[in-house]
Amino acid sequence: MLRVGSKAACMACRNLVSTNMGVRFLVPLQKLHPLSRAIHHRYSGNTNPQRPPHRTAARYFNSMSRLPMRPPKPPPRSGGRSYQQQRNFWVARLAARLLKLRYILLGTAVGGGYTAKKTYEEWKDLLPDFSEYNWVIPDFVWELSEQIDLDKLAKALPEMEEIAKLLPDLDKIGENFTFLKSLLSSETSGDPPLKATDSSAAATQDASDKQYKKGLLGELILIQQQIQRHEEEVRRAAAANSARPPPPEPAPSPPPNPSPPQEKRKSSDKEKIDQLQEELLRTQLKYQRMLERLEKENKELRKVVLQKDDKGIHQRKVKKSLIDLYSEVLDILSDYDANYNTQDHLPRVVVVGDQSAGKTSVLEMIAQARIFPRGSGEMMTRSPVKVTLSEGPHHVAMFKDSGREFDLNKEEDLAALRREIELRMRKSVKEGQTVSSETISLSVKGPGIQRMVLVDLPGVISTVTSGMASDTKETIFSISKAYMQNPNAIILCIQDGSVDAERSIVTDLVSQMDPQGKRTIFVLTKVDLAEKNLASPSRIQQIVEGKLFPMKALGYFAVVTGKGSSGESIDSIKDYEEDFFQNSRLLRDGMLKAHQVTTKNLSLAVSDCFWKMVRESVEQQADVFKASRFNLETEWKNNYPRLRELDRNELFEKAKNEILDEVISLSQVTPQHWEAILQKKLWERVSTHVIENIYLPAAQTMDSGTFNTTVDIKLKQWTDKQLPHKALEVAWETLQEEFARFMAEYKGKDQDDIFDKLKEAVKDESIKRHKWNERAMDSLRVIQHNALEDRSITDKPQWDAAIQFMEETLQSRLKDTDSVIRDMVGPDWKQRWLNWKNRTPDQHIRNETKNELERLLKLHDDHTAYLANDEVTTVRKNLEARGVEVDPVLIKDTWHQLYRGHFLQKALAHCNLCKRGFYYYQRHFVDSELECNDVVLFWRIQRMLVITANTLRQQLTNTEVRRLEKNVKEVLDDFGEDMEKKTQLITGRRVQLAEDLKKVREIQEKLEAFIEALHKEK
């Protein structure tokens, strides 16, 4: 039983609460259901009027937490008091019983709605204040929103019905284009398809008469029906004439003349046939003009649509066309496989012909622009030109490696394009050659252009003229065969109709490459000249029927590419071609069919054949490249499992970074290291000159004044002429050696051997380009001159250092001199006995001469450096007395080495005496028999070496190392742009395998993208 307190207990409240709850608790009145509370207050008095207002029930209950609405159970009766309450509130019980369900439903609906409203308001309060994020939107947007009235703008816009009136009827255009395409396909395929088209049109004539009989299209259908009717009449008349039985063979007597009725009937049939043929020709011409008019209107409409679409291209991601995707694949293949071997069997239209046969003119008519350079009789096409034709809103041309667009509607752009093509051709031809196999890639876009890829090849020649390379004919044949041997290439064979067919060379070549004619289209050019020059026009008919040349073809066409003037425009050539065939007897007499003439029909047929070949072969070629990729990847995994697949360019970039790191390492060499190396190398370079040309001549003087004077003069001459140049040579050699040393040390740190040739070439080329600053020599000369003029030794350590430097130099020189003397005289007695060596006759003579000169030195210890003539004669006579024949030159040479050793020994003894001579030096050797001017000389030389090494080190670290680094970068940049150089310096199977893998993957990805786009277009 529920207890609500003594003051707030009523039967209505009790009836709303289930009585079978097992837990008893006190429920305040404020937490009762609103409906229950309302009933309670109606039937019970308010005992506490000062009570605060109750809280809203919606705050504590929602639609998911309301009390369960169960049917109330009557409370248990408990004595008289309960009966009294039932008696007093019987009206409330009766109302609760009758209206209980209705009140519960009504209360639930009201409470649930109020709860939902409060929940929505609380959720809305939880949202952040977006006014704080107004800074995200630029200020000009708010200004535009304040200044522009969007309602007025919306009212100013036209309605959809008005816009629909302005736009072209695309549905009608599509219907017209579909019908025109069916007509053109039936016309190019011959008479049977035309019949089928006419029969199908006749079958659906009643159903579509109201739709197509209006306007130009209706006229075309009527004309087509007339052509069909006239053809039927001509065939019927010809069949009746042929079915008529021939007259019986006459008797041997003279044949009787036919009767007049028979002759009249024959003449009437012939006139009827001629009349029907003329009427048929007139109807065909009218039909052709109607088609051209409809095609022109359709072309203008397509141009408008493409221009509108072109404006939207800049607002979205550019999507490449189908033909552009295919052209990119061919460009990659031309770079990957220049010889077009079996791996490249993708279709392309190969334009071949004899020189000056008009193949370039035919290609220009298909491209609708005079884009190729022209010459009168001379060879203009010197390399293959790949032209990618596609449809676009503007008539433009562009090279694959250039971003410039040439407007083909402007004459100056056309002239610039022709010059650029001619320049590229001449650049591709190597020295000593006439033609090149390098392909020039060009794309042409314009309204109404058929999509295809053509390759214009150099014209086939029969004779090599002056100015051509001797192998020009063979080279042209090899290039043409390389393109035509592709089993999926369409051969567009161009034959000059104005020359004799027997002079043709290209037909034999084409018949060799395509004996069955399954992919050859024959084109006869200059038909106007052929009709004028040939006595028998039927010869042209034999050519276009394939009966004259020993070759087969898919189709035969006759075209006219102008009057032969280079200034003719494409439109004028088209008009001339149409006028010629309209008035030509070839078409009028039935020698040529309408679908076999004009370059327009030719381009349509070539485009259809091209795309048919593409759809039949492209997936097979994609599988071939997929298999090739698998083979290459397998080879790489087996041979180079731990190496990345880096192609030649990536390897060059890696080597470039390593070389630059090695150059930068030069700046980390310590100054002490630079100076020690420079000082050592410089003394090695100049020591011989100092001893032989300065010290020895000065030592021959008698007093110290003459010694110092001689030394000063010699040093001045040496400084002015040789010393600075020698110093710079030493510095430059030191820089090279350090650079090579760092590269060798870096090589030992897991360097790839594939970079050796490249690094050596970069080092050699950088050193070759490096030139020492010429101003450094002048400044260095002044510094060295000032250093050598100083004679003041300030302290004893400097004196001792000079003594040590002099002693080491003299000992080194004495050691070298003794070695030279031993080589001159041969082994002594000890070496002869121990090592079993003997002297040569020359060594024996020199040994005897040495012994004689030594006796002379013992007698004259202070002898000069040179022998007098009488002394030479005395020595020679003494040797001759002992039976030794000697030359005076040999005596002087031996004396020079012997006296040098004698002098160096005396100088070393004097050097030991000068070790204690610093005191006398400070007193300028006054009152002293010891003079050490030679020590002062060596101190001056030593100080000059130190100062020169310091100066060269500063110049190296501050200037020359940076200049060398700059030269290395320039060399690397030059090598990076020269693909031929990189191919020479980075070689090996590993490089070639990585190159092939990269190309094959790229080709496969491009082919897959192209195949996907091709399927979508279907």
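Below: a short report on this structure. (Residues numbered from 1 in each chain as written. Predicted model: local features only at pLDDT ≥ 70, side-chain atom pairs only at ≥ 80, totals over all residues. Heavy atoms only, no water.)

1. Focus on the nonpolar core
So, point 1. Counting residues in each nonpolar core, the largest one holds 100 residues, and the members touching the most others are Tyr695, Trp718, Trp799, Ile941 and Val968.
So, point 2. Judged by nonpolar contacts, the second largest core, of 60 residues, contains Ile323, Val349, Leu363 and Trp611. (Core = buried A, V, L, I, M, F, W, Y, C linked by side-chain atoms within 4.5 Å. Buried < 20%, exposed > 50% of the residue type's maximum accessible area, 1.4 Å probe, protein only.)

2. A short note on the packing of aromatic side chains
So, point 1. Applying the stated criterion to the full structure yields 17 aromatic pairs.
So, point 2. An angle of 70° between the planes, with centres 5.1 Å apart, marks the rings of Phe580 and Phe581 as edge-to-face. Like Phe580, the residue Phe581 is buried in the burial classification.
So, point 3. With a centroid separation of 5.4 Å and an interplanar angle of 55°, the aromatic rings of Tyr695 and Phe903 are classed as tilted. Here Tyr695, found in helix α24 (residues 671-699), pairs with Phe903, found in helix α33 (residues 888-913); they are 208 residues apart in sequence, far enough to count as distant. With respect to burial, Tyr695 and Phe903 carry one shared label: buried.
So, point 4. Counting every residue linked through ring pairs, the aromatic cluster contains Trp683, Tyr695, Phe805, Trp895, Tyr899, Phe903 and Phe938. (Phe/Tyr/Trp six-rings, centres within 6.5 Å; stacked < 30°, edge-to-face > 60°. Helix = DSSP H or I, 4+ residues; strand = E, 2+ residues; numbered from the N terminus.)

3. Topic: the sheet that holds strand β8 (residues 520-525)
To summarise the sheet geometry, strands pair through backbone hydrogen bonds and adopt either a parallel or an antiparallel arrangement.
So, point 1. Within the open sheet, the nine strands sit side by side as β4-β3-β5-β2-β6-β1-β7-β8-β9. Their pairing is mixed. Strand pairing shows two members of the sheet lacking a second neighbour, β4 (406-407) and β9 (555-558), which therefore form its edges.
So, point 2. Direction of pairing for strand β7 (residues 490-496) relative to β8: parallel, over a ladder of six bridges. When the bridges of β8 are listed, Gln495 appears paired with Leu524.
So, point 3. Contacting β1 (349-353), β2 (385-391), β5 (440-446), β6 (452-456), β7 and β8, helix α14 (residues 359-367) runs over the sheet at an angle of about 160° to β6. (Pairing = 2+ DSSP bridges. Contact = heavy atoms within 4.5 Å. Axes fitted to C-alpha atoms, helices over the stretch in contact; angles between N-to-C directions.)

4. Structural notes on the environment of Ala994
So, point 1. For Ala994, the location among the structural elements is in helix α37 (residues 989-1017).
So, point 2. The spacing of Ala994 and Leu632 is 362 residues in sequence and 8.6 Å in space, taken between C-alpha atoms.
So, point 3. The residues contacting Ala994, other than those within four sequence positions of it, are Trp636, Glu645, Leu646 and Asp647.

5. Side note on the state of the cysteines
So, point 1. One pass over the full model with this rule turns up one disulfide.
So, point 2. Here Cys914 engages in a disulfide with Cys932; their sulfurs sit 2.1 Å apart. Its torsion about the S-S bond being -100°, the disulfide of Cys914 and Cys932 is classed as left-handed. Remark: Cys932 occurs in the loop between α34 (918-922) and α35 (933-977) and Cys914 occurs in the loop between α33 and α34; sequence separation between them is 18 residues.
So, point 3. A relative accessible area of 0% means that Cys932 is categorised as buried. (Disulfide = S-S within 2.5 Å.)

6. Focus on the environment of Ala369
So, point 1. Residue placement: Ala369 occurs in the loop between α14 and β2.
So, point 2. In this structure the C-alpha to C-alpha distance between Ala369 and Val396, which are 27 residues apart in sequence, comes to 9.5 Å.
So, point 3. Setting aside chain neighbours within four positions, we find Ala369 in contact with Glu364, His395, Leu408, Leu414 and Ile570.

7. A few points about the side chain of Thr951
So, point 1. Counting through the fold element by element, Thr951 comes out in helix α35.
So, point 2. Excluding its chain neighbours within four sequence positions, the residues that come into contact with Thr951 are Leu780 and Ile783.

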